[in-house]
Amino acid sequence: MPQDTGFLRPDELPDLLANYLENLNDPGKFPFTRGIYPSMYRGKKPTLRQFAGHGLAQDTNERFKTILGLGGGGLSVAFDLPTLMGKDPDDPLSLGTVGSEGVAVTTLYDMEKLFEGIPIDQITVSMTINAPAPIIFAMYIVAAEKRGVARALLGGTIQNDILKEYIAQKEWLFPVEKGVKFAVDPMEFCARHMPKWHPVSISGYHIREAGSNALQELAYTLADGMCYVEKCLARGLRLEEFAPRLSFFFDVHNNFFEEIAKLRASRRLWAKILRERYHAPLPESYENTKDPRLQSLWCRIHAQTAGCTLTLQEPMNNIVRVAYQALAAILGGAQSVHTNSFDEVICTPTEKALRLAIRTQQILVHETEICDWVDPLGGSWLVESLTDKLEQKAREEIALIYRNHGGMEGAVKASYPQRQIAREAYYDQRRVERGERKVIGVNTAVNITQEDELADVRRELQKRRGFEELHIENVRRIRAERSQEAVARALDEIRRAAETNLNLMPVLIEAVKTYATLGEICHALQDVWGSYQERETPY
């Protein structure tokens, strides 16, 4: 975009119309810049998701029922820190964190209670967990089967993107190569046994939340996806067996037009990568949207508004930020959208904030009529220019990763993306401190005499106290009631399987049936694989 005029002329995009079929094409056709479905939201509205998770499984179960009652179309589970780190609640490192920023899930009992009375055969469930994701996934499968719901009928997503943990969020367990192997196991398992489940949500969201810019988020996310594709192909899977179940998870930040262009560029670049690098064939016809060859080329997108843009100062301003970001997500063609609640700057959503977040999505989808139009900004000189620029720069960054490191697994071991993100985050914070990037209520338009806009939030947080003792008591009761011999045998089986290249999902499923705890299973794997140690990542 020209810096001197702030606007574009048609002659600055000479290839836009000349190469329409190559760069844009109609919605539903390669390279899917304008959307993966021919009619987009006219035929299929975006799934409206909301994040929930606090306390014990029973507490979050009640919140799930509230979300469904308000018209939410899918559930997204937030787990507490011990669960994310594969630890039991009575582990010394869990002290003070059990159930505080997500739901505590330690055994199959918790998973059963979490979805009790929820029609899991009729809705989709998204689980935000990574390092121990295959274990939590095994618990969900077993809990469903105990209710008579076959695994092949389950629909949803487990995040399971371990590469972005090493890159950005830092919730890891095992050395990089073992962590990646563990994450790929559910991908192979789902390709063979669970056709409706998305076994990975390749996540740019946390890369952006760690401080990256839009270009880095796009490039590193797709490079992570390429790594998973290569690992699945190495296991003898064909593209059409697993690629249709890959999904992507992007942040939607404040730069409105850039975020729309980023989502469009991600679809185009991913489709071209699948064609150029992995030789994915084009379908003979675009009419059958269930064709695995067609779906293998899709970049299915879940978009979430940017948590890192929320402010503790004047938190009600966050409602406006979230609404604009959600609008960008829909204009960019996301398949599902999650709006953050205004209070997520201090906690997982309280009930009042959750309702507002859901209503924000519903107003956008049902009142503004933007869903009547397919890629409404397509052809905009600005949006097309930004889309082209992001695609080209992301291509260059991915090429550098492969040239210098052989792919994203090698780049992570060398701390390359970690350093790049840390550098970007540092300089962005300096821009805020110098007032070069405006943040309302923080470094500009600051209200000196602020009212307490979080009084209701604090009252609900007070109700959440005491979860830790209750959960520890529950886990100790389950340990006392279960068969210790069965648990010991299951953990030994896990250790033996971990010494091989076997897919671990079958032994994990058998282990959780014995009510082995999450921490016990993770420790058994670490006995064989060891743990990850982070390298220094200087700017």
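To keep things clear, this report deals only with the structure shown in the data block. (Residues numbered from 1 in each chain as written. Predicted model: local features only at pLDDT ≥ 70, side-chain atom pairs only at ≥ 80, totals over all residues. Heavy atoms only, no water.)

## Quick notes on empty space enclosed by the protein
Working step 1: With the rule as written, the count across this model stands at seven cavities of 30 Å³ or more.
Working step 2: In this model, the largest cavity occupies a volume close to 80 Å³.
Working step 3: Lining of the largest cavity is provided by 14 residues; of these, I330, L331, G333, D375 and P376 occupy positions nearest its centre.
Working step 4: In this model, the second largest cavity occupies a volume close to 60 Å³.
Working step 5: Together, N318, I319, V322, N340, S341, F342, A353, L356, A357 and T360 line the second largest cavity.
Working step 6: Among the elements of the structure, α14 (317–331) and α15 (351–366) are those that each provide at least two residues to the lining of the second largest cavity.
Working step 7: Looking at which element gives the most residues to the lining of the second largest cavity, the answer is α15, with four residues. (1 Å grid on protein atoms, 1.4 Å probe; cavity = no way out; pocket = protein on both sides within 12 Å on 5 of 7 lines; lining within 4 Å. Points joined across faces, edges and corners; volume = space filled by probe spheres on them. Helix = DSSP H or I, 4+ residues; strand = E, 2+ residues; numbered from the N terminus.)

## A closer look at the packing of helix α12 (residues 256–276) against helix α16 (residues 381–405)
Working step 1: Where α12 contacts α16, the two axes come as close as 8 Å, and the packing angle between them is 50°. The orientation of α12 relative to α16 falls into the category oblique. As α12 runs across α16, the sense of the crossing is right-handed. Here α12 contributes F257, E258, I260, A261, K262, R264, A265, R268, L269, K272, I273 and E276 to the contact with α16, which in turn contributes L382, V383, E384, L386, T387, D388, L390, E391, A394, R395 and I398.
Working step 2: When its residues are assigned to classes, the contact of α12 with α16 shows 12 nonpolar, one polar and 10 charged. (Axes fitted to C-alpha atoms, helices over the stretch in contact; angles between N-to-C directions. Parallel < 35°, antiparallel > 145°, perpendicular 65-115°, else oblique. Left-handed = near helix turned anticlockwise from the far one by under 90°. Contact = heavy atoms within 4.5 Å. Nonpolar A, V, L, I, M, F, W, Y, C, P; charged D, E, K, R; others polar.)

## A short note on the packing of aromatic side chains
Working step 1: In total, this model carries 18 aromatic pairs according to the counting rule given.
Working step 2: Ring plane angle 45° and centroid distance 5.4 Å describe the contact between Y140 and W197, whose orientation is recorded as tilted. Placement of Y140 in helix α6 (residues 133–146) and of W197 in strand β5 (residues 197–198) is noted, with a sequence separation of 57 residues between them. The same class applies to Y140 and to W197, which are both buried.
Working step 3: Ring centres of F248 and F250 lie 6.5 Å apart, and the angle between their planes is 10°; on these two criteria the pair is classed as stacked. For the pair F248 and F250, a shared accessibility class is recorded, and that class is buried.
Working step 4: What links up through ring pairs into an aromatic cluster is the set F64, F115, F137, Y140 and W197.
Working step 5: Sitting over the face of the ring of Y109, R477 holds its NZ or CZ atom 5.1 Å from the ring centroid. (Phe/Tyr/Trp six-rings, centres within 6.5 Å; stacked < 30°, edge-to-face > 60°. Buried < 20%, exposed > 50% of the residue type's maximum accessible area, 1.4 Å probe, protein only. Lys NZ or Arg CZ within 6 Å of the ring centre and 35° of its normal.)

## Description of the sheet that holds strand β9 (residues 336–338)
Working step 1: Taking strand neighbours across the sheet as the criterion, the nine strands line up as β5-β4-β3-β2-β1-β9-β8-β7-β6 in an open arrangement whose pairing is parallel. Bordering the open sheet on either side are β5 and β6 (200–203), each of which pairs with just one other strand.
Working step 2: With three bridges joining them, strand β1 (residues 47–52) and β9 adopt parallel strand pairing. Its bridge partner being in β9, T47 is matched across the sheet by S336.
Working step 3: In the packing of α14 onto the sheet, contacts are made with β7 (246–252), β8 (301–305) and β9, and the angle to β8 comes to roughly 165°. (Pairing = 2+ DSSP bridges.)

## Let's talk about the layout of surface pockets
Working step 1: Counted as a void, the largest pocket has a volume near 960 Å³.
Working step 2: Considering the residues around the largest pocket, the lining is formed by 42 residues, among which T47, R49, T124, H198 and R300 are closest to the centre.
Working step 3: Residue assignment for the lining of the largest pocket shows that the elements contributing at least two residues are β1, β3 (124–128), β4 (156–158), β7, β8 and β9.
Working step 4: Of the residues that constitute the lining of the largest pocket, the class distribution is 14 nonpolar, 21 polar and seven charged.
Working step 5: Taken together, 31 residues make up the lining of the second largest pocket; nearest its centre are H253, T309, D428, V432 and R437.
Working step 6: The set of elements that each furnish at least two residues to the lining of the second largest pocket consists of α9 (205–209), α14 and α18 (416–433).
Working step 7: Among the elements that line the lining of the second largest pocket, the one with the most residues is α18, at six residues.
Working step 8: When grouped by side-chain class, the residues that make up the lining of the second largest pocket number 11 nonpolar, 11 polar and nine charged.

## Side note on the pairing of strand β2 (residues 74–78)
Working step 1: In terms of burial, β2 is a largely internal element, five of the five residues being buried.
Working step 2: By the alternation rule, side chains of β2 split into G74, S76 and A78 and L75 and V77, which are all buried.
Working step 3: In this fold, the crossover linking β1 to β2 by way of helix α3 (residues 57–69) has right-handed handedness.
Working step 4: Here β2 runs beside β3; their pairing, made up of five bridges, is parallel. The partner of G74 across the bridge, within β3, is T124. (Right-handed = clockwise from strand over helix to strand, strands pointing away.)

## Description of the side chain of R245
Working step 1: Residue placement: R245 occurs in the loop between α11 (239–242) and β7.
Working step 2: For R245, which is buried and forms no salt bridge, the nearest opposite charge comes from D291, at a distance of 11 Å.
Working step 3: Only 3.2 Å separates the side chain of R245 from the backbone oxygen of P195, close enough to count as a polar contact.
Working step 4: Discounting chain neighbours no more than four positions away, the residues touching R245 are M194, P195, K196, W197, H198, P199, V200, Q295 and R300. (Lys, Arg positive; Asp, Glu negative; His and termini not counted. Salt bridge = Lys/Arg side-chain N within 4 Å of Asp/Glu carboxyl O. Polar contact = N/O pair within 3.5 Å; in protein donor to acceptor, adjacent residues only side chain to side chain.)

## Topic: unusual backbone geometry
Working step 1: Following F30, the chain continues into P31 via a peptide bond in cis, with omega recorded as 5°.
Working step 2: Within the element layout of this structure, P31 appears in the loop between α2 (20–23) and β1.
Working step 3: A positive phi angle, near 60°, is found at H279, a position not held by glycine.
Working step 4: Among the secondary structure elements, H279 is positioned in the loop between α12 and α13 (292–295).
Working step 5: Even without being glycine, E369 reaches a positive phi, approximately 65°.

## Considerations on the pairing of β8
Working step 1: Across the five residues that make up β8, a large majority, five, are buried.
Working step 2: With burial as the criterion, each face of β8 is covered, one bearing I301, A303 and T305 and the other bearing H302 and Q304.
Working step 3: Relative to β8, β7 is paired through five bridges, and the arrangement is parallel. Paired with V252 across the two strands is T305, which belongs to β8.
Working step 4: Regarding topology, α14 serves as the crossover connection from β8 to the parallel β9, and that connection is right-handed.

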